[in-house]
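Coordinate analysis (summary)
Spelled out, the chains give:
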Protein chains: 2
Amino acid sequence: MTQKHSHRFADLCSHRIQLDDPPVELDFSLAQLHDSAIAAGEGSMQIALAAMNRLDAGAVANLDEGRMVGHYWLRAPYLAPTPAIQDEIVATIARIEAFAQGVFEGRIAAPGGTRFDRLVLCGIGGSALGTMLLGDAFSGRDARALLLCVLDNTDPDGIDREFGKLGSLRSTLVLVVSKSGGTPETRNGMLETRRAFAAQGLEFGPQAVAITTSGSALDAIAKREGFLDVFPMWDWVGGRTSITSAVGLLPGALLGMDLRAFLAGAAAMDAQSRSPELRQNPAAMLALVWREQGKGRGERAMVVLPYKDRLALLSRYLQQLVMESLGKKLDRAGREVFQGLSVFGNKGSTDQHAYVQQLRDGRHDFFATFVRVLRDREGTAFEVEPGVTTGDYLDGFCLGTRAALHDSGRASVTITLEAVDERSLGAIVALFERAVGIYAELVDVNAYHQPGVEAGKKAAALVLTRQQRLAAALSSAGRTTEELAAAAKEDPADCWPILCHLAANGRARRIGEPDPRTARFAKA
Amino acid sequence: MTQKHSHRFADLCSHRIQLDDPPVELDFSLAQLHDSAIAAGEGSMQIALAAMNRLDAGAVANLDEGRMVGHYWLRAPYLAPTPAIQDEIVATIARIEAFAQGVFEGRIAAPGGTRFDRLVLCGIGGSALGTMLLGDAFSGRDARALLLCVLDNTDPDGIDREFGKLGSLRSTLVLVVSKSGGTPETRNGMLETRRAFAAQGLEFGPQAVAITTSGSALDAIAKREGFLDVFPMWDWVGGRTSITSAVGLLPGALLGMDLRAFLAGAAAMDAQSRSPELRQNPAAMLALVWREQGKGRGERAMVVLPYKDRLALLSRYLQQLVMESLGKKLDRAGREVFQGLSVFGNKGSTDQHAYVQQLRDGRHDFFATFVRVLRDREGTAFEVEPGVTTGDYLDGFCLGTRAALHDSGRASVTITLEAVDERSLGAIVALFERAVGIYAELVDVNAYHQPGVEAGKKAAALVLTRQQRLAAALSSAGRTTEELAAAAKEDPADCWPILCHLAANGRARRIGEPDPRTARFAKA
């Protein structure tokens, strides 16, 4: 054994955090996090951890919206700042369990007593990605689980396709998830679903459930239309950190997840990530890696590579959690910082035949997060060669790729799970939630608002108004884009794509070639 | 109308390329491609286009492997340099059509005459992503189409899950796609599939088809086991550009795609992208945007945002095509350049509730590629508000987000399709294939090899050898990681994760806590 070798083992032992329950290992030994950087980070990190403690205690951290940040209470209700909040968390969990049990036992059923066996989720972003992750991670394990179908967009063809697959909606439970009820994609998905129910002569309300803020527009609809039940969203839980609220737990339970185990796993990681000892604090170490790798400006992307098919959606889940939290124009003092941390990935070893070529040989603009799962399969192992199983290849590709990246100077973090179970996934979710919170403290951005999403809604509303004006300006004889734009008091550059869209859907008639200078548009 | 307004419309008209058939519009007016940059690019671009012409004529461009680059011939066989190649292309297309027709009509069927209605694809990377894209884009349109199930990994649990969903394999056609037959993930997927067939008392060969190089290991297996048929892969077609070869066409046809239309769409874009007039050459313009945005070094990522559920896999497809082609350590002169161009994305408007917050407000390290689809749905439009449909919202979000990015100085390209049909998707695929080829010429890298993928296989093989040595060194009493490493002549840092994996799968027994310093491992 050479000196270099023993050095690597020593590095492993001293840059490794092991959780007992769930058994999760975090290996930072290939993360290029030198002792000097850890020592240098001590001061700022203790300030960040103190801020996280204040969050836990109920500080108003989302200043824009004047809200507390309480997703950590969801798995440790005793931390919540008031008994009322504590009670609400505890009671909601019990209600969710009872509801799922009622559905499984057929006590909560569609009109006529039909047992629910499908779940249509109307939700987007934080109201859908968590459920999709849980559904994929735990699918096929509980025979009582409902079959999941997600409407996470306002694409009419996409919606038609999902309903085409479902066929009869008689045994379909619909879950509408929207904090305000005002998210257009979710509202449109709900309206389309209600239309599909009506087309089959079914009543929507008795097969629908909502998760929303008390008193919201959606809450009012749920009451008016006689929804089966309404579960709460609280203003102290943000969408992208709502997976341990009803938003994740209710569909999770209906998909067969053990929600108490999921919460316990998250709580365990939270607890470990409150440690003031940096080297034993997984979230702090992760945040430190992010800062070192990206120089505190996100200069390197995080590539998430779980070597397990069930975790293929983890990167998309983390992409939202990280990028929506950290991608901010202003720091908390109002200075323009244009922060962010890009996240992408899919699954290994599949991606080794896609973009890993660039990771290995190309631009050094990323660091990797590997997720290994030790247990290969439930059934008997299968040797594809003497002494070598299908799963050995999977882990071999993971370790081999990690070693090759290390050899070419690319950093990585490795998270090793015993199995893809509720406790482990809860722990991973909490790890990244807290790492995001800590990193945001380090780089001084508000991780809890999303001004760009609101701005996006406004920009779309403007397009819709413009479309209405153009539709009104259409004549029988037809006018050019510039003429219509002048009539609608708009820029013709903005009008051309809208007119093309109207024409393609039979709501205007295009006369002439598709050329913005010459084509004319008339009433359909 | 202000001066600024008319300027924007003039920009649109002069930075816009319209294909007639298929009707595809490429809008470069928001790509920040100034006239001066187009003029300055003229010289290098003409050299690049000349090199593309040499490719078309049969030049050996993949120097590492001494191979021609012929994927453009697949949709224009008359371009192929020899009559033999021309004939092979034409004959293979006819064979594919006949095979799919035979399957649909039940003439080609499982033993006992069972009509095939499911398709299991064993393939990875270029042998799977194209089919997944086609399957998703065209699903639900042809009642005769087979149901697709993809085994694109060597994850035993993932494979179990797919077979669990399939149930009986009696009506399952298996397609094994591997150029050499030596790709371990694909081989393992095939072996697992054969095992699943055997477990159901079914013979594998009579339900299997291969796509592989004549004389490969897989070809030999197919002959030995009596596969239904074997379709060719040619050494002049790379995996990531094989979607217009049998690799994409055969499964595409079985999934209900009109393959002639797909080829025609690709051919039309190829033809347009041979234009020496830059402003009318879509692929050249796109390559120029890439160079301008990333300073010829890939400094900005390409975010691909199709506003259509059916195109959600486009970004993953392009991620492989672009990153595996351009992510290279050396240029063609052998200099270290660490090139690349990162690609990620999923779909709009869904992603507006995920990472678009960062795109709008955060780091300026990307440019966007929007894909719009004008036709909303097959059936009747649904107004969610008076005069406003579900699809209007989708297009409104697309145009609104594009405008907002433009306002904050972020560049974008917009590709507008009439519909998601075979011709349009063929055109898009060809557009990016040629843009990659042209860009590689501009930055002087070999776009047609993938040395890092080979290196990845070698690194994994090393791990498997190490595992065998460690398994052999296990004793009944148990030894520490360091003791086992010494016995196997390995670094203990490399041994610890392998020992944990063996222990988790009952092939070693861990004694003591999971601590690399103290845990001991014994024979199971």
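Sequence order as written defines residue numbering, which begins from 1 separately in each chain. Each chain takes a letter, starting from A, and each ligand takes a number, starting from 1, following the order in which they are written. The predicted nature of this model means local features are confined to residues of pLDDT at least 70 and side-chain atom pairs, given and counted, to a pLDDT of 80 or more, with totals for whole chains, interfaces and linings taken over all residues. In computing side-chain values, all of the structure's heavy atoms are included and hydrogens and water are not.

Details of the interface of chain A and chain B
The test is simple: In what follows, a contact means two residues having at least one pair of non-hydrogen atoms within 4.5 Å. Simply put, the buried area is the total loss of 1.4 Å probe accessible area from both parts when two parts are fitted together. Every case where a carboxyl oxygen of Asp or Glu lies within 4 Å of a side-chain nitrogen of Lys or Arg is listed as a salt bridge. Whenever a nitrogen or oxygen atom comes within 3.5 Å of another N or O atom, the pair is scored as a polar contact, on the condition that within protein one atom can donate a hydrogen and the other can accept it, and that pairs from neighbouring residues in sequence are kept only if both atoms are in side chains.
Listed as interface residues are 129 residues of chain A and, on the opposing side, 130 residues of chain B. In total, about 11500 Å² of surface goes out of reach between chain A and chain B, with carbon and sulfur atoms giving 54% of it. In terms of surface lost to chain B, no three residues of chain A exceed Phe9, Arg161 and His353 of chain A, which account for 7% of the buried area on that side. Between chain A and chain B we count 20 salt bridges in total. The closest approach of N and O atoms between Asp155 of chain A and Lys308 of chain B, which form a salt bridge, is 2.9 Å. Linking chain A to chain B there are 89 residue pairs in polar contact (both at pLDDT 80 or more).

Details of the side chain of Thr92 of chain A
Residue and element names in this part refer to chain A. Basically, it comes down to this: Helical segments are the DSSP runs of H or I of at least four residues, strand segments are the runs of E of at least two, and each set is numbered from the N terminus. Each residue gets one of three labels from its accessible area relative to the maximum for its type: buried under 20%, exposed over 50%, partly exposed in between, using a 1.4 Å probe on protein chains only.
Its location among the elements puts Thr92 in helix α3 (residues 83-105). Relative accessible area serves as the criterion here: at 6%, Thr92 is assigned to the buried category. Ignoring anything within four residues of it in the chain, the contact list for Thr92 reads Pro232, Trp234 and Ala246.

A short note on helix α16 (residues 481-488) of chain B
Residues and elements named next belong to chain B. Quick note on the threshold: The arc in question is the one traced by the directions running from the helix axis out to the C-beta atoms.
Residues of α16 that are buried: Thr481, Leu484, Ala485 and Ala488. All buried residues of α16 project into a common sector of 100° when viewed along the axis, lining one side. In the stretch just after α16, Lys489 is the one whose phi turns positive, near 55°.

Focus on unusual backbone geometry
Note on backbone geometry: most residues besides glycine have negative phi, and most peptide bonds are trans. Between Gly348 of chain A and the following residue, Ser349 of chain A, the backbone shows a cis peptide bond with an omega angle of 0°. Inspection of the secondary structure puts Ser349 of chain A in the loop between β11 (343-344) and α12 (356-361). The phi dihedral of Gln32 of chain B is positive, around 60°, even though this residue is not glycine. In this fold, Gln32 of chain B is placed in the loop between β2 (24-27) and α2 (35-56). Not every positive phi belongs to a glycine, and Asp444 of chain B is a case in point at roughly 65°. With respect to the secondary-structure elements, Asp444 of chain B resides in the loop between α14 (422-443) and α15 (451-473). Given the relative accessible area of 24%, Asp444 of chain B is considered partly exposed.

Some details on the environment of Arg375 of chain A
Within the secondary structure, Arg375 of chain A is located in the loop between β12 (366-373) and β13 (383-385). Arg375 of chain A gets classed as partly exposed once you look at its relative accessible area, which sits at 35%. Note: C-alpha distance between Arg375 of chain A and Leu417 of chain A (42 residues apart in sequence) is 8.3 Å. Arg375 of chain A has contacts with Lys308, Glu418 and Ala419 of chain A together with Ala504 and Asn505 of chain B, leaving out every residue within four places of it along the chain.

Section: the packing of helix α2 (residues 35-56) of chain A against helix α10 (residues 282-294) of chain A
Residue and element names in this part refer to chain A. Selection rule: In this analysis, axes come from line fits to C-alpha atoms, helices being fitted only over the stretch in contact, and the angle between any two N-to-C directions falls in the range 0 to 180 degrees. Oblique is the label for any angle not covered by the other classes, which are roughly parallel (under 35 degrees), roughly antiparallel (over 145) and roughly perpendicular (65 to 115). Think of it as three bins: nonpolar holds Ala, Val, Leu, Ile, Met, Phe, Trp, Tyr, Cys and Pro, charged holds Asp, Glu, Lys and Arg, and polar takes everything else, Gly as well.
Viewed as axis vectors pointing N to C, α2 and α10 meet at an angle of 110°, and their least axial separation amounts to 11 Å. In terms of orientation, α2 and α10 fall into the roughly perpendicular class. Together, Ala37, Ile38, Gly41, Ser44 and Met45 of α2 and Ala284, Met285, Ala287, Leu288, Arg291 and Glu292 of α10 make up the contact between the two elements. Taken together, the residues of the contact of α2 with α10 sort by class into seven nonpolar, two polar and two charged.

What to know about the pairing of strand β10 (residues 301-306) of chain A
The two faces of a sheet get side chains in turn, since along a regular strand they alternate between them. All names here are of chain A. The criterion, for reference: Only strands joined by at least two bridges in the DSSP assignment are considered to pair.
The buried count for β10 comes to six of six residues, which makes it a mostly enclosed element. Judged by which residues are buried, β10 turns out to be covered on both faces: Ala301, Val303 and Leu305 on one side and Met302, Val304 and Pro306 on the other are all buried. Relative to β12, β10 is paired through six bridges, and the arrangement is parallel. Bridge pairing in β12 links Pro306 to Val371. Where β10 and β11 come together, two bridges link them in parallel fashion. Bridge pairing in β11 places Met302 opposite Val343.

Looking at the packing of aromatic side chains
Condition: Centres within 6.5 Å are what make two rings of Phe, Tyr or Trp a pair, Trp counting through its six-membered ring; a difference in plane orientation under 30 degrees is then read as stacked, over 60 as edge-to-face, and the rest as tilted. Note on criteria: charge over ring means Lys NZ or Arg CZ within 6 Å of the ring centre, with the direction from the centre no more than 35 degrees off the ring normal.
This model, assessed by the stated rule, comprises 23 aromatic pairs over all chains. For the ring pair Phe344 of chain A and Phe344 of chain B, a centre distance of 5.8 Å and an interplane angle of 5° mean the geometry is stacked. Residue Phe344 of chain A is located in strand β11, and its partner Phe344 of chain B is located in strand β11 (residues 343-344); the two belong to separate chains. Through a chain of ring-to-ring contacts, the aromatic side chains of Phe344 and Tyr355 of chain A together with Phe344 and Tyr355 of chain B assemble into a single cluster. For the cation-ring pair, Arg95 of chain B lies above Phe231 of chain B, with the distance from its terminal atom to the ring centre recorded as 4.5 Å. Above the ring of Tyr72 of chain B, the side-chain terminus of Arg434 of chain B is found at 4.2 Å from the ring centroid.

Some remarks on the domain arrangement of chain A
We count it as follows: Domain start and stop positions are those given by an automatic or database domain assignment.
Split by domain assignment, chain A resolves into domain 1 (3-60 + 262-449), domain 2 (71-257) and domain 3 (452-522). Here the C-alpha centre of domain 3 of chain A lies 37 Å away from the C-alpha centre of domain 2 of chain A.

Some remarks on the sheet that holds strand β2 (residues 24-27) of chain A
Residues and elements named next belong to chain A. Read from one edge to the other, the open sheet built from six strands follows the order β1-β2-β15-β12-β10-β11, with strand pairing classed as mixed. Pairing within the sheet leaves two strands with one partner each, and these edge strands are β1 (16-19) and β11. In this fold α10 packs onto β1, β2, β10, β12 and β15 (412-417), with an angle of close to 150° to the strand it touches most, β12. In the packing of helix α13 (residues 390-407) onto the sheet, contacts are made with β2, β12 and β15, and the angle to β12 comes to roughly 155°.

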